[in-house]
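Chain by chain, the residues run as shown.
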Amino acid sequence: MFMVITSKSNPLIKKIASLSEKKYRKLCGEYLVEGLKPVRECIASGGEVTSVICTEENAQFFANAVVVSREVFSYISSEKTPQGVIASVKLPQTSVEPPEGRCILLDRLQDPGNVGTIIRTANAAGYEDIYLINCADPFSPKVVRASMSGIFFVKIHEGDTQEVLSALEGVPLITADMQGEDIFSFVPPAKFCLCIGNEGSGLSEKIVSVGSHTVSIPMRASCESLNAAISAAIAMYALKNNMKED
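Each chain carries its own residue numbering, running from 1 in the direction its sequence is written. For this predicted model, a pLDDT threshold of at least 70 governs which residues receive local features, and a threshold of 80 or more governs which side-chain atom pairs are given and counted, while totals over whole chains, interfaces and linings are taken from all residues. Only hydrogens and water are set aside when side-chain values are computed; all heavy atoms of the structure are taken into account.

Student: Teacher, can you tell me more about the sheet that holds strand E6 (residues 103-107) here?
Tutor: Strands belonging to one sheet form pairs held by backbone hydrogen bonds; the direction of such a pair is parallel or antiparallel. A pair of strands is labelled paired if DSSP reports no fewer than 2 bridges between them. Going along the chain from the N terminus, every DSSP run of H or I of four or more residues is numbered as a helix, and every run of E of two or more is numbered as a strand. A sheet is described by the order of its strands in space; here 6 strands give the open sequence E8-E7-E6-E10-E9-E11, paired in parallel fashion. Looking at which strands have only one partner, the edges of the open sheet turn out to be strand E8 (155-158) and strand E11 (213-216). Here the strands of the sheet are splayed against their neighbours by 35° on average, with no regard to which way each runs. Judged from the 5 bridges that link them, strand E9 (residues 173-182) and E11 form a sheet pairing that is parallel. For isoleucine 174, the partnering residue across the bridge sits in E11 and is histidine 213. Contacts from helix H9 (residues 228-242) reach E6, E9 and strand E10 (193-196) within the one sheet, and its direction differs from that of E10 by about 160°. Between N-to-C directions, angles cover 0 to 180 degrees, with each direction set by a line fitted to C-alpha atoms, over the stretch in contact for helices. Here, residues are in contact when the closest pair of their heavy atoms is within 4.5 Å.

Take a look at the structure:
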């Protein structure tokens, strides 16, 4: 048998609830992962889980889980239809370091869904280093959810423009712009960084000015632009498929 927490004022519950806000994630050095499959994948990836909170029907899946009532779980959950499992996890180091291989830079992307989806696709396509300049918090519940566990398998580097460009010194920057070369015929170098800009204003002038190449996704005249996450996905796979061999 196990004790079921039924009070929202329980210290642990109050802490877990606070992690939905960025300032408390920074203060506690932890973030939230919600859902049975994501929590399992976080554990399997080596994520440093500090606590698992679940409803009674999910207690069988986790040793030492803290069991709460459905009402309490709804209080700490950010999901519309909660699965009944949530974990607090230590924030990984996000220091800005040089990449090991091909990578992607996100410049001022503000939509959590876009950031999370790009992280998901980067993991799938093998872009292990992701650089973020003034983007939506990659460890917010919305981004973590949209990443579909991709956040556990990539390296996140958060910094200002100068820090990121310094880490990428010597790495060719491939910028995405409507006026660029057709990405499907472009042959990238063996190591590069794909740069994706803000949903509305694109890449900053500073990043564009140091870019080595500019590429674009050809579109019909009736289409003005693509969603940032879709553009990034197409670009990541197109560049990967056209890469020169080492």
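Student: Would you mind going over the nonpolar core with me for this structure?
Tutor: Looking at soluble globular proteins, one finds that nonpolar side chains tend to be buried together. Take the buried Ala, Val, Leu, Ile, Met, Phe, Trp, Tyr and Cys residues and link them wherever side-chain atoms come within 4.5 Å; each set so joined is a nonpolar core. Burial status follows relative accessibility: with a 1.4 Å probe on protein chains alone, a residue under 20% of its type maximum counts as buried, one over 50% as exposed, and anything between as partly exposed. Ile104, Leu106, Ile130 and Met236 are the most contacted members of the largest nonpolar core, which totals 50 residues. Ranked by the residues each element gives to this core, the list is headed by H9, at 7 residues. Setting aside chain neighbours within four positions, we find isoleucine 130 in contact with Ile104, Leu106, Ile119, Ala122, Val154, Lys155, Ile156 and His157. In this structure, Leu105, Leu173, Cys195 and Ile207 belong to the second largest nonpolar core, which totals 14 residues.

Student: Help me out: how do you make sense of the packing of helix H5 (residues 112-125) against H9 in this one?
Tutor: The relative placement of two packed helices comes down to the angle between their axes together with the axis-to-axis distance. Running from amino to carboxyl end, H5 crosses H9 at an angle of 15°, the nearest separation of the two axes being 9 Å. In terms of orientation, H5 and H9 fall into the roughly parallel class. Taken as a pair, H5 and H9 cross one another with a handedness that is right-handed. In contact with Asn114, Thr117, Ile118, Thr121, Ala122, Ala124 and Ala125 of H5, H9 contributes Ala228, Ala229, Ala232, Ala233, Met236, Tyr237 and Lys240. Throughout, the ten residues Ala, Val, Leu, Ile, Met, Phe, Trp, Tyr, Cys and Pro are labelled nonpolar, Asp, Glu, Lys and Arg are labelled charged, and all others, Gly among them, are labelled polar. For the contact of H5 with H9, the class distribution of residues is 10 nonpolar, 3 polar and 1 charged. Roughly parallel means an angle under 35 degrees; roughly antiparallel, over 145; roughly perpendicular, 65 to 115; everything else is oblique. For any helix crossing, the convention is left-handed if the near helix is rotated counterclockwise from the far helix by under a right angle, and right-handed if that rotation is clockwise.

By themselves, these observations are geometric and do not establish any function.
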